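Letter by letter, the chains look like this.
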Amino acid sequence: MSRSTTAKSAKSSRRLVALALGLGLASAALGTAMPASAAPDTGSAASATTAVARYTGSAGHAADNQAFFDAVLKSVAEKQAAHPNLKSVTVYYNASQAPSFRSQISSAASIWNSSVSNVKLAATSGQGDFAYYEGNDPSNGSYASTDGHGSGYIFLDYSQNQQYDSIRVVAHETGHVLGLPDHYSGPCSELMSGGGPGPSCTNRYPNSTERARVNQLWANGLAKALEKAVSAR
């Protein structure tokens, strides 16, 4: 597309401001505050690094999905390096800012924990490797995001979770945490096809190819990330 740099910057800023307001209102209604480390930054620098992976829409977000996975992988690798005696790889999530989706988040974690063997998801009330948030964002729906500085979160949109199977939405977005990209043209049997098959699709489980890919990523990818984390100490 041929758009001026100024127009792109203005559009990006308006979009991020709207998202920040939406999240702020949701947090205020819950009587909680969204941590600055997870809140979208409306500054120009952050606008260039913010990565978003949507549940529906274009399939052209592979780089954004990868950025989110890399941020989570880095966080986990640093913890593993600090505690070399840990036998298992666990990705910790904080769901305190998404109380309306507590059940769906727990179900999605259970689905992934029963589907893969090289990585597990576990809840924490403290600093996790990523967090869940909830609110209204009709323009973007639910998505996984990173600010480019190692802070990742999943935002769950109210209206989208009413239109689509909510556990499928959460399990799909959690798939980005584990390294899977969107593939909207896939069939309903493919979890990462997201909203592509339409609202009637209620499959909540990754297929064999997706399970194998996650196991591979967390065997080889974590080893490389851990080596990098150790060498940087």
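Residues numbered from 1 in each chain as written. Predicted model: local features only at pLDDT ≥ 70, side-chain atom pairs only at ≥ 80, totals over all residues. Heavy atoms only, no water.

(A) Fine view of the state of the cysteines. Per the stated rule, a full pass over the model turns up one disulfide. Disulfide partner of Cys-188: Cys-201, at an S-S distance of 2.0 Å. For the disulfide bridge between Cys-188 and Cys-201, the dihedral angle about the S-S bond is near 90 degrees, and by the sign convention the bridge is right-handed. Highlighted residues: Cys-188 in the loop between helix 6 (166-177) and helix 7 (208-232) and Cys-201 in the loop between helix 6 and helix 7, separated in sequence by 13 residues. On the basis of relative accessibility, which here comes to 28%, the residue Cys-188 falls in the partly exposed class. By relative accessible area, Cys-201 is classed as buried at 4%. (Disulfide = S-S within 2.5 Å. Helix = DSSP H or I, 4+ residues; strand = E, 2+ residues; numbered from the N terminus. Buried < 20%, exposed > 50% of the residue type's maximum accessible area, 1.4 Å probe, protein only.)

(B) How the structure looks around the side chain of Glu-190. Structurally, the position occupied by Glu-190 is in the loop between helix 6 and helix 7. Apart from the residues within four sequence positions on either side, Glu-190 is in contact with Arg-168, His-183, Asn-203, Asn-207 and Glu-210. (Contact = heavy atoms within 4.5 Å.)

(C) Inspection of the pattern of salt bridges at higher detail. This model, assessed by the stated rule, comprises three salt bridges. One salt bridge in this structure joins Asp-129 and Lys-79, with 3.1 Å as the shortest N-O distance. Pair noted here: Asp-129 is in the loop between strand 3 (120-123) and strand 4 (130-135) and Lys-79 is in helix 3 (residues 62-82), with a separation of 50 residues, a long-range link. Here Asp-129 falls in the buried class, since its relative accessible area comes to 2%. Classification of Lys-79 as partly exposed rests on a relative accessible area of 30%. A salt bridge links Arg-204 to Asp-165; the nearest nitrogen and oxygen atoms lie 2.9 Å apart. Separated by 39 residues along the polypeptide, Arg-204 in the loop between helix 6 and helix 7 and Asp-165 in the loop between helix 5 (158-163) and helix 6 bring together distant segments of the chain. (Salt bridge = Lys/Arg side-chain N within 4 Å of Asp/Glu carboxyl O.)

(D) Molecular detail of the environment of Leu-86. Turning to its location among the elements, Leu-86 is positioned in the loop between helix 3 and strand 2 (90-97). Leaving out residues up to four positions away in the same chain, Leu-86 has contacts with Lys-79 and Gln-80.

(E) The confidence of the model for the protein, seen in detail. Here the protein averages 75 in pLDDT, while 67% of its residues score no lower than 70. Mean pLDDT across the secondary structure elements of the protein bottoms out at helix 2 (residues 44-49), with 31, and peaks at helix 4 (residues 102-115), with 98. Confidence drops under a pLDDT of 50 for residues 1-53, and excluding neighbours within four residues, the segment shows 70 contacts in the predicted structure. (pLDDT = per-residue confidence, 0-100.)

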